[in-house]
Amino acid sequence: MAFLDVHDLSVGIGTLQPLDRISFALDKGQILGLVGESGSGKSLTAMGLMGLLPLIGGRVTGGSIRLDGSELTDLAEPAYRALRGRRMALISQNPMTSLDPMVRVGEQVDQVSRMHLGLSGAAARSRSIDLLTQLRIPEAATVHRQYPHQMSGGMKQRVVIAMALAGDPELIIADEPTTALDVTIQAQIIQILVDLVRSRGLALVLITHDMGVVAQACDRVVVLYAGRVAEANVVADIFARPAHPYTRSLIECIPRDGQAPGSLKGIPGIVPSVGNYAAGCRFHPRCALAQAVCQQQVPPLQTQGQGQVACHFSAAPSDG
Amino acid sequence: MLVYLIRRLLLLLPVFLAVSMVVFMIIHLVPGDPIDNMVQIGASPQQRAILVARYGLDQPLLVQYGVWLRNMLGGDMGDAIVMRQPVIDLIAENLPHSLRLGGLAFLFSTIVGITTGALAAVYKDSWIDRSVMTLILLGSTLPSFWLGLLLILLFAVQLEWFPVSGARTWTALVLPVLTIGLHGVALVSRVTRAAMLDVGRRDFVLMLHAKGLSHRRIQLQHVLRHALLPVATILSLRIGWIVGGAVTIEFVFARPGLGSLLITSLAQRDYPVVQGCLLMLAMAVMLGTLLGDLVQAAMDPRIREQLR
Amino acid sequence: MTGRIRTSALWRALRTWRGALSLGCLMLVALVAVLAPWVAPYAYDIQNLSATNQAPSQAHWLGTDEFGRDVLSRIIHGARTSLSVAMAAIGVSVLMGMCLGAAAAYFGGALDRAISAVVDLTWSFPEVLIALIFVAILGPGLYSTMIAISIAYLAQFSRLTRAQILAIKGETYVEAATSLGGGHLHIVFRHLLPNALTPVIVAGMLATGDAIILEATLGFFGLGVQPPKPSWGAMMASGTAQIFLAPWTIIGPGAAIALAVLSINQFGDALIEALDIRSRLRET
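Residues numbered from 1 in each chain as written. Chains lettered and ligands numbered in written order. Predicted model: local features only at pLDDT ≥ 70, side-chain atom pairs only at ≥ 80, totals over all residues. Heavy atoms only, no water.

Residue and element names in this part refer to chain A. With respect to the helices and strands, Ile190 occurs in helix α8 (residues 183–200). Separated by 79 residues in sequence, Ile190 and Gly269 place their C-alpha atoms 30 Å apart. Apart from residues no more than four positions distant in its own chain, Ile190 is found in contact with Thr178, Leu206, Val213, Gln216 and Ala217. (Helix = DSSP H or I, 4+ residues; strand = E, 2+ residues; numbered from the N terminus. Contact = heavy atoms within 4.5 Å.)

What follows covers the packing of aromatic side chains. Under the counting rule described, the total for this entry stands at nine aromatic pairs over all chains. With 5.0 Å between their ring centres and 40 degrees between their planes, B:Phe145 and C:Phe220 make a pair best called tilted. Taken together, the residues span two chains, with B:Phe145 in helix α7 (residues 144–158) and C:Phe220 in helix α8 (residues 182–221). The two residues B:Phe145 and C:Phe220 agree in class, both being buried. Within the aromatic cluster, the residues linked to one another by ring pairs are B:Phe145, B:Phe251, C:Phe220 and C:Phe221. Sitting over the face of the ring of A:Phe3, A:Lys28 holds its NZ or CZ atom 5.0 Å from the ring centroid. (Phe/Tyr/Trp six-rings, centres within 6.5 Å; stacked < 30°, edge-to-face > 60°. Buried < 20%, exposed > 50% of the residue type's maximum accessible area, 1.4 Å probe, protein only. Lys NZ or Arg CZ within 6 Å of the ring centre and 35° of its normal.)

Quick look at the pattern of salt bridges now. Within the structure shown, the criterion is met by 16 salt bridges over all chains. Note that A:Glu77 and A:Arg81 form a salt bridge whose closest N and O atoms lie 3.9 Å from each other. With A:Glu77 and A:Arg81 both in helix α2 (residues 77–83), this residue pair falls four residues apart, about one helical turn. One salt bridge connects C:Arg162 with C:Asp112, and the closest N-O pair in it is separated by 2.8 Å. In this pair, C:Arg162 sits in helix α7 (residues 142–177) while C:Asp112 sits in helix α5 (residues 109–123), placing the two residues 50 residues apart along the sequence. Overall, the relative accessible area of 26% leaves C:Arg162 in the partly exposed class. Taken together, the salt bridges that share partners define one network made up of A:Lys28, A:Asp68, A:Arg87 and A:Glu170. (Salt bridge = Lys/Arg side-chain N within 4 Å of Asp/Glu carboxyl O.)

In many reports, interface size means the accessible area that the parts give up when they come together. Contact residues are listed per partner, giving 41 residues for chain B and 33 residues for chain C. Carbon and sulfur atoms make up 86% of the surface buried where chain B meets chain C, a total of about 3,100 Å² over both sides. For the chain B face of the interface with chain C, the top three residues by lost area are B:Thr141, B:Phe145 and B:Trp146, together amounting to 19%. In this structure, the connection of chain B to chain C is made through zero salt bridges. For the pair chain B and chain C, the interface holds one residue pair in polar contact (both at pLDDT 80 or more). Only α1 (2–29), α6 (127–141), α7, α10 (215–252), α11 (258–267) and α12 (271–299) of chain B provide two or more residues apiece to the side of chain B that touches chain C. Residue contributions to the side of chain B that touches chain C peak at nine residues, all from α10(B). Along the lines of polarity and charge, the residues of the side of chain B that touches chain C split into 36 nonpolar, four polar and one charged. (Buried area = accessible area lost by both parts, 1.4 Å probe. Polar contact = N/O pair within 3.5 Å; in protein donor to acceptor, adjacent residues only side chain to side chain. Nonpolar A, V, L, I, M, F, W, Y, C, P; charged D, E, K, R; others polar.)

The next point concerns the interface of chain A and chain B. Taken residue by residue, the interface counts 27 residues in chain A and 19 residues in chain B. One can count zero salt bridges joining chain A with chain B. Counting across the interface, chain A meets chain B through nine residue pairs in polar contact (both at pLDDT 80 or more). Residue assignment for the side of chain A that touches chain B shows that the elements contributing at least two residues are α1 (42–50), β6 (88–91), α3 (95–98), α4 (105–117) and α7 (153–165) of chain A. Residue composition of the side of chain A that touches chain B, grouped by class: 15 nonpolar, nine polar and three charged.

Attention now moves to the state of the cysteines. Residues and elements named next belong to chain A. The tally for this structure, following the rule as stated, stands at zero disulfides over all chains. Not engaged in a disulfide, the cysteine Cys281 finds its nearest cysteine sulfur in Cys294; these two sulfurs lie 5.9 Å apart. The exposure class of Cys281 is buried, given its relative accessible area of 11%. (Disulfide = S-S within 2.5 Å.)

Okay, the packing of α7(B) against helix α10 (residues 248–275) of chain C next. Running from N to C, α7(B) and α10(C) point in directions that differ by 145 degrees, and their axes come no closer than 10 Å. Pair α7(B) / α10(C) crosses with left-handed handedness. Every residue of α10(C) that contacts α7(B) at B:Phe145, B:Trp146, B:Leu149, B:Leu150 and B:Leu153 is listed here: C:Ile250, C:Ile251, C:Gly254, C:Ala255, C:Ile257 and C:Ala258. (Axes fitted to C-alpha atoms, helices over the stretch in contact; angles between N-to-C directions. Left-handed = near helix turned anticlockwise from the far one by under 90°.)

The next thing to look at is the pairing of strand β2 (residues 16–26) of chain A. Residues and elements named next belong to chain A. Here strand β1 (residues 4–13) runs beside β2; their pairing, made up of six bridges, is antiparallel. If you follow Ile13 over to β2, its bridge partner there is Leu16. With antiparallel pairing between neighbouring strands as the criterion, β1 and β2 make up a hairpin whose turn holds two residues, including Gly14 at a positive phi of roughly 65 degrees. (Pairing = 2+ DSSP bridges.)

Once that is clear, we can look at the arrangement of the chains. Taken together, the two pairs of chains in contact show their highest number of contacts between chains B and C. You won't find any contact between chain A and chain C; their C-alpha atoms come no closer than 22 Å.

Glancing now at the confidence of the model for chain A. Averaged over all residues, the pLDDT of chain A is 87; the fraction at 70 or higher stands at 97%. Residue range residues 316–320 of chain A is modelled with pLDDT below 50. Its contacts to residues more than four positions away, or to other chains, number five contacts. (pLDDT = per-residue confidence, 0-100.)

Turning to the side chain of B:Arg255, a few remarks are in order. Residue and element names in this part refer to chain B. Structurally, Arg255 is set in the loop between α10 and α11. Despite its burial, Arg255 remains without a salt bridge, the nearest opposite charge being carried by Glu250 at 5.8 Å. In this view, Arg255 contacts His97, Leu101, Gly166, Ala167, Ala172, Leu173, Pro176, Glu250 and Ser260; residues no more than four positions away in its chain are not counted. (Lys, Arg positive; Asp, Glu negative; His and termini not counted.)

A separate point is α4(A). Under the 1.5 Å per step criterion, the end-to-end length of α4(A) is 19 Å for 13 residues, consistent within 8% with the ideal 18 Å. If you check which residues of α4(A) are buried, you get A:Val105, A:Gly106, A:Gln108, A:Val109, A:Asp110, A:Gln111, A:Val112, A:Ser113 and A:His116. Where α4(A) is buried, its residues touch α2, α5 (121–134), α6 (140–144) and α7 of chain A together with α9 (203–210) and α10 of chain B. Note on α4(A): the residue one or two positions beyond its end, A:Gly118, has a positive phi of about 65 degrees. (Expected span 1.5 Å × (residues − 1).)

A cluster of nonpolar side chains, C:Leu31, C:Val34, C:Leu35, C:Trp38 and C:Val39, forms an exposed patch at the surface whose accessible area comes to about 530 Å². Within the secondary structure, C:Leu35 is located in the loop between α2 (17–34) and α3 (36–39). (Patch = residues over 30% accessible without salt bridge, like charges linked within 9 Å, V, L, I, M, F, W, Y side chains within 5 Å. Areas by Shrake-Rupley, 256 points an atom, 1.4 Å probe, with all protein chains shown as cover.)

Looking now at the sheet that holds strand β8 (residues 203–208) of chain A. Residues and elements named next belong to chain A. One open sheet accounts for eight strands, arranged β6-β7-β8-β3-β9-β10-β12-β11; its pairing is mixed. On the outer flanks of this sheet lie β6 and β11 (302–304), each paired with one strand and no other. Pairwise comparison of adjacent strand axes, ignoring direction, gives a mean angle of 20 degrees for this sheet. Pairing geometry for strand β3 (residues 31–35) and strand β9 (residues 220–225), over four bridges, is parallel. Residue pairing across strands places Leu34 opposite Val222, the latter belonging to β9. Taken strand by strand, α8 contacts β3, β6, β7 (171–175) and β8, and its axis lies near 160 degrees from that of β8.

What follows concerns the nonpolar core. Core analysis: the biggest nonpolar cluster contains 154 residues, and B:Leu262, C:Leu132, C:Tyr153, C:Ile212, C:Phe221 and C:Ile257 have the highest contact counts within it. Element by element, the count of residues in this core is highest for α10(B), at 15 residues. When neighbours within four sequence positions are excluded, B:Leu262 is seen to be in contact with B:Val274, B:Cys277, B:Leu278, B:Leu281, C:Leu129 and C:Leu132. Counting residues in each nonpolar core, the second largest holds 94 residues, with A:Leu135, A:Met163, A:Val205 and A:Ala226 among its members. (Core = buried A, V, L, I, M, F, W, Y, C linked by side-chain atoms within 4.5 Å.)

Low pLDDT means the predicted atomic positions in that stretch should not be read closely. All names here are of chain B. Looking at chain B as a whole, the pLDDT averages 83, with 95% of positions reaching at least 70. In the model of chain B, helix α13 (residues 301–304) stands out as the element of lowest mean pLDDT, 65, in contrast to α9, which has the highest, 92. Across the interfaces of the predicted complex, the ipTM metric reaches 0.87, alongside a pTM of 0.78.

Phi is positive for A:Glu139, which is not a glycine, with a value near 50 degrees. Mapped onto the secondary structure, A:Glu139 falls in the loop between α5 and α6. Backbone geometry places B:Arg269, a non-glycine residue, at a positive phi of 60 degrees. Within the secondary structure layout, B:Arg269 lies in the loop between α11 and α12.

Put into structure tokens, the structure is as follows:
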């Protein structure tokens, strides 16, 4: 049994169904990439895993989430709260707004150790300073006493990571941890996360829209489109032989060295909003291979080698 | 912080000068000779001459203003026409009553307002929330002096729990404070609730949930602190309403105080008293606003660094 | 097109319970005020010294006051006074405020700073105090009350107008710079400006409620409209002298004020929601 096992998870908000039967599995020491454009449901998956859907008016409408064998979807709130910050932690998108602007950053990290590990004030403080140092924040003791507005974006994100680690979690969900940061900082943060996974044996769900990040860091990847899984596979295979047309387009979109100017590719059309999903395969309006069957039947998720794919024409070999 | 305080005080200076100029001009804008408006009916030419010398009434307006201002700040506010006392004495008699009323009303509004607003936000959409919203509605639309009169009717006339008017006992403070306070509670409560709901939608609150804190703890220990900032802002902007409310309610309850003094002297056309009261009340508003700004700066580390 | 948006917003506001009920109340009050001489059972100044301070009865639905005058009729006539004073004062205030605010926003620079300095000065002071200052200068009475109220609320409208115009100034200059002629200026005046000024109009409406209270307060102090013209505030003032004998002389006028103000505020709120301009009503 995998450490984190998500099976046919569906999420509803109001009368809409933004996530439809998402499945993936993850073991400790592994990094799973969750890829998709904005609107594909990536953040909702993160919220769903953390049990925070009620905060945005959503709820789990089907499927299961198992963490280390125990089912999360029917967990009562106090029990879920005991898990959050302790066994599973969230790193969210925008470090600029993730921290409480009126509290010193050190205190915000301390809070987790005090609450979940029962540490005293002084012990929590030295633990936090340790963590900050491990995350390569210089002069951690000084930084501990600073306010968020006195720090750069990259530093803030490291603090957020420290906050996530303070409770000694086994699962980390990182929702686009580098999107709001400078390109130069992005690589550093990703590397920090990778090192953490390897050194501490954590399980990491890395949510991103950037296939480049996936290539750099992930072991497995799940490609989401419009609330459904389009394709899932180990990273090496998915880049070598992308089976879903959407995946192929995503990979082609990655800018390459030596690319001729003006040849940067995009995917025609835009991601549909939740109420406007197409019938059958939700990608077919933007797909070069679309045929009549694509509109009539939802393509089932079929296993192919080490991965799964949801496309009527996925048997076609990739063309580079 | 000290630098901020000094800068704010400096900003206050031109405001004070402008307001004092307006108050000063009242006597000169009223129809009739300024001397007639400062002197008792039937005063002798010698008494008039003394006044002219004292206030420099034969000098250009700007000089008169200077003399007046210097006198005022030195404690010489002129003599009341009707009550035949130095104005400063009248003000000294009445000021403590107003301070007591205003201070208590402010404390009452702030404490009760923040409490109800916070409860309404934490238990949003429950019966607590709905009751608080009704209270807010009533407090903001009912004219305060009517409310005061109703309270007098019910609690003083019918039930005889409190005195109808005056300031002889401390119980006489209850109804007036309640009257001014209810309006204030409505304001503070509304802002607190709205601010807490607004802050509750921010990203860092999501992270607090992700860390495993409970909803109530997040609201009361984290969100409330943020919400207090807009509350302090609103309070410091509207500190004037306490002064305005006190003026009205003192009159309604026939309590001694700057407000009653102002209204009666207006009706009697006792201009020196009017000027003295207006100046004091205006200063109260300015000081209140300043205090409000200082409290905000103390609460939010970001404001201290703005220095604007 | 903007005209159509606003009327459709009006319909939307009316479709809510709050909007319809409050507008209904408002129209009732306004109608009563306008038709006062015909609606009131008695004239407001008929004294009947043998029937002073009578409790509400068949003949006098809300009782009589200390001169034997019918309270209900006086309240109805008082509506005329209070409403007209408040509306006139706020109307003038809105117009003056719009001019000041527009001038400050459009010309900017030193003029802006000067106007803003004066406006901000009055803005932090309670309206009662400002009104009292002007009553001090002008003496009590109908016209000084109107002037006092106008000036007391001036700051609010000036600041709002200035904020609104500043917001569109940035956009329209860009448009004008790339314009092909009068077409864009035409758009500015026919569409953008009316849209920008909608919050000011709605704020004016809400301020009318406050103005009614302010007028009544001044009347209560004895500094407002002078007798024999009935005003709600003055009625309540003389009522306090009879507080032990005839409480209805206080309750009646106060309830009338509360009703008028409540319906104005509720309708204003309903309009704000329908027009969705709550954020634009902030003055900074």
